[in-house]
Amino acid sequence: MFATAYAHTNIALVKYWGKRDDGGRSLNLPAVGSLSLTLDRFGTETTVELSQDAQGDSLVLDGTPRAGAELARVSAFLDRVRGLAKERRYASVTSRNDVPTAAGLASSASAFCALALAATRAFGLTLDDRELSKLARQGSGSAARSTYGGFVLLHRGERDDGADCFAEPLQTALDARLVVVRCGSGPKEVGSTSGMGHAQRTSPYFPAWVETHARDLDDARAALAAADLEKLGEVMEHSTLKMHATTFSARPAFFYWTPTTLEALARVRALRAGGTGAWATMDAGPHVKVLCAPADAARVAAALGEVPGVFGVDVAGPGPGARVLGSGA
Ligand code: 2P0
């Protein structure tokens, strides 16, 4: 049995950052909810093939066999799927990213969503989207959101068993673009999982991050309901700057930003001062993603492309949810 699935990446407008206690169940429950846009470019295609004879799982990522921590994380995720399917067979996983892996463009979001969909189908399970989002979340929190296209909400939930921690799509009349501005190259120094854990344990600002987060989500949802890009952009920038403030104030501190990140941020502010609606968000890496209206995207991309040190710009729009590309025996 095999199945192939594709999932697009997503960028959080209101960020997920930190985990809540799940009583040691390894359910990967977020400390806060989040709200994202699934993109129409960048993503992961993954094939899962079951094997009668294999002595363990295997992983080939972007043409290279992987072992160690990468394989262990995938194998632990497959254990969850085997548990759901009451199956014991091992699987070979072949995955191709069209996201620069570990460069802050959220490859784990599309990767674990595509893996969740391909693995469940290969093991003969058909989960509805809500259950798929809960399963993907256990691989990587942001992956839950790639289940759906467009704007997506991931609920924080309250329950220890994670039953109310799922993603759902948000309806809006708003159309928008995210201009992805590459402000660095190579793998990041601090992964998002370890970065958020360290910030949560050591930053005195972390409690304020959690306390003020629900209001940001409410404001972003109201902005989407009103199709108000300016209001959405304003709360988006506020959320990312608070998230990064927890890294600056961690002990020891760490920085995802490079000087180019700051140059790009200055250019976004200059665009705004000049009357162009443009707002920035940064994740666990140096890149800047600029939210703007479709009609402004070419101008924003040209302005950001001129910033010294920028490696390249891509314009992304709202994309579709995860889908099965093929399956069979
Ligand atoms: C987000 N990030 O909401 C936030 C903003 C990065 C910064 O979700 O530990 O790889 O696997 O659940 O999903 C990236 O963190 O973390 C992320 P885990 P994940 O997109």
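Residues numbered from 1 in each chain as written. Predicted model: local features only at pLDDT ≥ 70, side-chain atom pairs only at ≥ 80, totals over all residues. Heavy atoms only, no water.

(A) Molecular detail of the sheet that holds strand β11 (residues 312-316). Strand order in the open sheet formed by 4 strands is β9-β10-β8-β11, and the pairing between neighbours is antiparallel. Two strands close off the open sheet at either side, each with one partner strand: β9 (278-281) and β11. Looking at each pair of strands side by side, their axes are set apart by 25 degrees on average, direction ignored. Relative to strand β10 (residues 288-292), strand β8 (residues 177-182) is paired through 5 bridges, and the arrangement is antiparallel. Paired with Arg 177 across the bridge in β10 is Cys 292. Each of β9 and β10 touches helix α7 (residues 229-248); the most contacted strand, β9, lies at about 30 degrees to it. (Pairing = 2+ DSSP bridges. Helix = DSSP H or I, 4+ residues; strand = E, 2+ residues; numbered from the N terminus. Axes fitted to C-alpha atoms, helices over the stretch in contact; angles between N-to-C directions. Contact = heavy atoms within 4.5 Å.)

(B) Up close: the side chain of Ser 146. With respect to the secondary-structure elements, Ser 146 resides in the loop between α3 (129-139) and β6 (151-154). A polar side-chain atom of Ser 146 sits 2.7 Å from the main-chain carbonyl oxygen of His 8. Aside from chain neighbours lying at most four places away, what touches Ser 146 is His 8, Thr 9, Asn 10, Thr 38, Ala 109, Ser 110, Cys 113, Gly 321 and Ala 322. (Polar contact = N/O pair within 3.5 Å; in protein donor to acceptor, adjacent residues only side chain to side chain.)

(C) Geometry of the packing of aromatic side chains. Evaluation of the coordinates by the stated rule reveals 5 aromatic pairs. Ring plane angle 70 degrees and centroid distance 5.6 Å describe the contact between Phe 77 and Phe 112, whose orientation is recorded as edge-to-face. Taken as a pair, Phe 77 in helix α1 (residues 68-85) and Phe 112 in helix α2 (residues 107-122) lie far apart in primary sequence, 35 residues in all. With respect to class, Phe 77 is no different from Phe 112; both count as buried. Through a chain of ring-to-ring contacts, the aromatic side chains of Trp 17, Phe 254 and Tyr 256 assemble into a single cluster. Stacked on the ring of Phe 42, the Lys or Arg Arg 41 has its end atom at 5.4 Å from the ring centre. One cation-aromatic arrangement involves Arg 130 over Phe 166; the distance from NZ or CZ to the ring centre is 3.8 Å. (Phe/Tyr/Trp six-rings, centres within 6.5 Å; stacked < 30°, edge-to-face > 60°. Buried < 20%, exposed > 50% of the residue type's maximum accessible area, 1.4 Å probe, protein only. Lys NZ or Arg CZ within 6 Å of the ring centre and 35° of its normal.)

(D) Local environment of the site of the ligand. The immediate surroundings of the ligand are formed by 18 residues, with Tyr 16, Lys 19, Gly 141, Ser 142 and Thr 193 found nearest. Between an oxygen atom of the ligand and a side-chain N or O atom of Arg 73, the distance comes to 3.0 Å. Take Ser 108: an N or O atom from its side chain is 2.9 Å from an oxygen atom of the ligand. Here the ligand loses 94% of its free accessible area of 470 Å² to cover by the protein chains. Taken together, the residues of the shell around the ligand break down into 6 nonpolar, 7 polar and 5 charged. Looking at which domains feed residues into the shell around the ligand, each of domain 1 (2-172) and domain 2 (177-316) gives three or more. (Near = heavy atom within 4 Å. Areas by Shrake-Rupley, 256 points an atom, 1.4 Å probe, with all protein chains shown as cover. Nonpolar A, V, L, I, M, F, W, Y, C, P; charged D, E, K, R; others polar. Domains from an automatic or database assignment.)

(E) Molecular detail of the nonpolar core. By size, the foremost hydrophobic cluster in this structure holds 34 residues, and its most contacted members are Trp 17, Val 179, Val 181, Val 288, Val 290, Val 300 and Leu 304. Among the elements that take part in this core, helix α9 (residues 297-305) stands out by supplying 5 residues, more than any other. When residues of this core are assigned to domains, at least three fall in each of domain 1 (2-172) and domain 2 (177-316). Grouped together as the second largest cluster of nonpolar side chains are 30 residues, Leu 50, Leu 78, Leu 117 and Leu 125 included. (Core = buried A, V, L, I, M, F, W, Y, C linked by side-chain atoms within 4.5 Å.)

(F) Summary view of the domain arrangement of the chain. Split into domains, the chain comes out as domain 1 (2-172) and domain 2 (177-316). Centre-to-centre separation of domain 1 and domain 2, based on C-alpha positions: 23 Å. Taken together, the contact pairs 28 residues of domain 1 with 42 residues of domain 2. Taken as a group, Leu 13, Lys 15 and Trp 17 account for 29% of the area that domain 1 buries against domain 2, more than any other trio of residues on that side. Joining domain 1 to domain 2, the criterion identifies 2 salt bridges. Across the pair Asp 283 and Lys 15 runs a salt bridge, and its minimum N-O distance is 2.6 Å. In this assembly, domain 1 and domain 2 are joined by 10 residue pairs in polar contact (both at pLDDT 80 or more). Broken down by secondary-structure element, the contributors of at least two residues to the side of domain 1 that touches domain 2 are β1 (2-14), β2 (34-51) and β6. Here the side of domain 1 that touches domain 2 takes 7 residues from β2, the largest share from any one element. Broken down by class, the residue content of the side of domain 1 that touches domain 2 amounts to 19 nonpolar, 5 polar and 4 charged. (Buried area = accessible area lost by both parts, 1.4 Å probe. Salt bridge = Lys/Arg side-chain N within 4 Å of Asp/Glu carboxyl O.)

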